[in-house]
Amino acid sequence: MTEITGSGWQIQRPSLSKVPAVTAWFWIIKILCTTVGESFADWLNITVGLGLNTTALIFTVALAAVMAWQLTLNRYVSSVYWLAVVVFSVAGTLYTDILTDDLHVRLGVSTGVFAVALAVVFGVWFARERTLSIHSIVTLPRELFYWLAVLVTFALGTAAGDLTLELTGWGAGVSVLLPAGLIVAVLIGWRMGANPVLSFWLAYILTRPLGANLGDWLASSPAVHGVGLGTAVTSAAFLAAILVTVVYLTVSRVDVIDRVGQDRNLPAATTLARERVMLGYYAVVAAATVVGLVMWSAGHSKFVMETDDEGGAKPVASTLVPGSASAHFPPAEIAKFRVIAQDTLGKVRGGDQRGARDRITDLETAWDEAEPNLRPMDGAAWSVLDRQTDAALSAVRAGHPDPATETRALNTLLDSLR
């Protein structure tokens, strides 16, 4: 049954939901999709060598095509819905990576921006529809709001997860524990009477860093306490698991909401008073997490603080003690980066700007390829070198390069690599 309102915007589907019931299967396949988003993006970007911008363009086109397909349906179809989630997962990861790697937006800033963006999406959604429940996705406006929220949650989860790794320097295996623990805390809150819609979206955001860290752990080398499957095998294994799960859901229909309000897995009834108490519980968990991360970062950070143009404090990468980079990472890798940086510096001093641009691209490629193995070894030291590498890339690739700025940036990097 379809009804178009006078505005021509709202298409009513009063009997059929466009999303699955929130069962255990929902969360299993959501984590599988998130893991694929991380490992598959890395495989295309780094292993295959498409590059970040090309990979992002491909998945933006794929996202548009899949969404056009999803929006033409008048009911939930598991294969199309979960294909959309996979594509959204990859796209959200890539958009955050572009902000961080290409535009050099600090992870703290991008995390805050995505958090505000998600709040705006939820605010407008609620103001128009008076509900944020996914059990009510039966009109076109609600479906559009839902998918926009999904995209922003993937970007926010990516930025927040990467920020946590940058602050703590944790390896892939250890980093799984924080989002897993927070998801358990949300589950406890939901069971104790927390608002079910809030609980759902909190868990939805947290599955992003959980799945991404799980993918990194499976793909990383055993030398850095990973499983060593590689990004290609990890992506293939999880895509196969998604396919098997979707086939099961298609046949069994255990996640189909036949009519609005008939979700077999709706949460138990709660009260406004209990929801307020549990909202305080969530606030305490969030505050404890932030304080814990700040304290850990303060005790393990290798950054110094300086004042930015607005008078606020910001973290700035410091130079590692000369010769100490090899104590953090394999000497052969450090030697490779050092040779490329020295070659680039030589071309800058010789006035060969085009040659310097070409050579600095070799440094970018080598650094990106080594990141999955280097970062888990020492996240803080990796961040120092990563920021210095970005500074050298920006200086050499500037529209009107200044040899003095290029030389200074390359020497700073070389000081850390010696």
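Small disclaimer: the values here were computed from a predicted structure and weren't measured.

## What to know about the overall build of the protein
- Along the protein, the regular secondary structure elements total 15 helices and four strands.
- With 418 residues in all, the protein has 47% of them scored as buried.
- Relative to all contacts within the protein whose residues are 6 or more apart in sequence, the contacts with residues 24 or more apart total 74%.
- Surface exposure of the protein reaches about 19100 Å², of which carbon and sulfur atoms provide 65%.

## Describing the confidence of the model for the protein
- For the protein, the average pLDDT comes to 80, and 84% of its residues sit at 70 or higher.
- Ranking the helices and strands of the protein by mean pLDDT puts helix α7 (residues 177-191) first, with 94, and strand β3 (residues 303-307) last, with 37.
- Taken as a whole, residues 1-15 scores under 50 in pLDDT and shows 35 contacts with residues more than four places along the chain or in a different chain.
- Under a pLDDT of 50 for its full length, residues 301-318 has, in the predicted model, 32 contacts with residues more than four places off or in other chains.

## A few points about the side chain of R208
- By the secondary structure assignment, R208 is in helix α8 (residues 196-219).
- Under the relative-accessibility criterion, R208 is labelled buried at 2%.

## Re the nonpolar core
- Ranked by size, the top nonpolar core spans 56 residues in total, and within it Y81, W82, W125, Y146, W147 and W201 carry the most contacts.
- Of all elements in the fold, only α1 (24-47), α2 (52-72), α3 (78-102), α4 (107-129), α5 (140-168), α8 and α9 (230-252) reach the threshold of two or more residues within this core.
- Every residue in contact with W147, bar those within four places of it in the chain, is listed here: M67, Q70, Y81, A84, V85 and F88.

## Focus on the packing of α3 against α9
- Where α3 contacts α9, the axes come no closer than 9 Å and their chain directions differ by 150 degrees. If you check the angle between α3 and α9, you find them roughly antiparallel. As α3 runs across α9, the sense of the crossing is right-handed. The residues of α9 that touch α3, namely those facing S78, S79, W82 and V86, are I242, V246, L249 and T250.

## Quick word on the environment of L44
- Mapped onto the elements, L44 comes out in helix α1.
- For the pair formed by L44 and T231, sequence separation is 187 residues and the distance between their alpha carbons is 9.2 Å.

## Concerning the pattern of salt bridges
- Under the criterion given, the structure shown has six salt bridges.
- Each member of the salt-bridge network shares a partner with another, and the members are R128, E129 and R142.

## Some words on a nonpolar patch on the surface
- On the surface, W217, V227, L229 and V233 cluster together into a nonpolar patch covering about 300 Å² of accessible area.
- When its relative accessible area of 31% is taken as the criterion, W217 is described as partly exposed.

## Quick word on the packing of aromatic side chains
- Counted under the stated rule, the structure contains 24 aromatic pairs.
- Relative to F200, the ring of F26 has its centre 5.8 Å away and its plane inclined at 50 degrees; by these criteria the two rings are tilted. Here F26 is found in helix α1, whereas its partner F200 is found in helix α8, with 174 residues between them in sequence.
- Residue class for F26 comes out buried when judged on its relative accessible area of 2%.
- Overall, the relative accessible area of 9% leaves F200 in the buried class.
- Relative to F200, the ring of W27 lies with its centre 5.5 Å away and its plane at 50 degrees, an arrangement referred to as tilted.

## Section: unusual backbone geometry
- Although it is not a glycine, R130 sits at a positive phi angle of roughly 65 degrees.
- As for its placement among the helices and strands, R130 is situated in the loop between α4 and α5.
- By relative accessible area, R130 is classed as exposed at 58%.
- A positive phi angle is found at R253, which is not glycine, with a value near 60 degrees.
- When you line up the elements, R253 lands in the loop between α9 and α10 (272-300).

## Comments concerning the environment of S199
- Within the fold, S199 resides in helix α8.
- For S199 and Y282, which are 83 residues apart along the polypeptide, the C-alpha to C-alpha distance reads 9.2 Å.
- Not counting chain neighbours up to four residues away, the residues in contact with S199 comprise V186, W190, A194 and Y282.

## So, helix α15 (residues 403-417)
- Taking 1.5 Å per residue, 15 residues should reach 21 Å; α15 reaches 21 Å between its end C-alpha atoms and fits that length.
- Within α15 the residues assigned to the buried category are E406, T407, A409, L410, L413, L414, S416 and L417.
- The inward-facing, buried residues of α15 contact α11 (325-328), α12 (331-349), α13 (353-377) and α14 (379-396).

Rules used in this analysis
- Residues numbered from 1 in each chain as written.
- Predicted model: local features only at pLDDT ≥ 70, side-chain atom pairs only at ≥ 80, totals over all residues.
- Heavy atoms only, no water.
- Helix = DSSP H or I, 4+ residues; strand = E, 2+ residues; numbered from the N terminus.
- Buried < 20%, exposed > 50% of the residue type's maximum accessible area, 1.4 Å probe, protein only.
- Contact = heavy atoms within 4.5 Å.
- Areas by Shrake-Rupley, 256 points an atom, 1.4 Å probe, with all protein chains shown as cover.
- pLDDT = per-residue confidence, 0-100.
- Core = buried A, V, L, I, M, F, W, Y, C linked by side-chain atoms within 4.5 Å.
- Axes fitted to C-alpha atoms, helices over the stretch in contact; angles between N-to-C directions.
- Parallel < 35°, antiparallel > 145°, perpendicular 65-115°, else oblique.
- Left-handed = near helix turned anticlockwise from the far one by under 90°.
- Salt bridge = Lys/Arg side-chain N within 4 Å of Asp/Glu carboxyl O.
- Patch = residues over 30% accessible without salt bridge, like charges linked within 9 Å, V, L, I, M, F, W, Y side chains within 5 Å.
- Phe/Tyr/Trp six-rings, centres within 6.5 Å; stacked < 30°, edge-to-face > 60°.
- Expected span 1.5 Å × (residues − 1).

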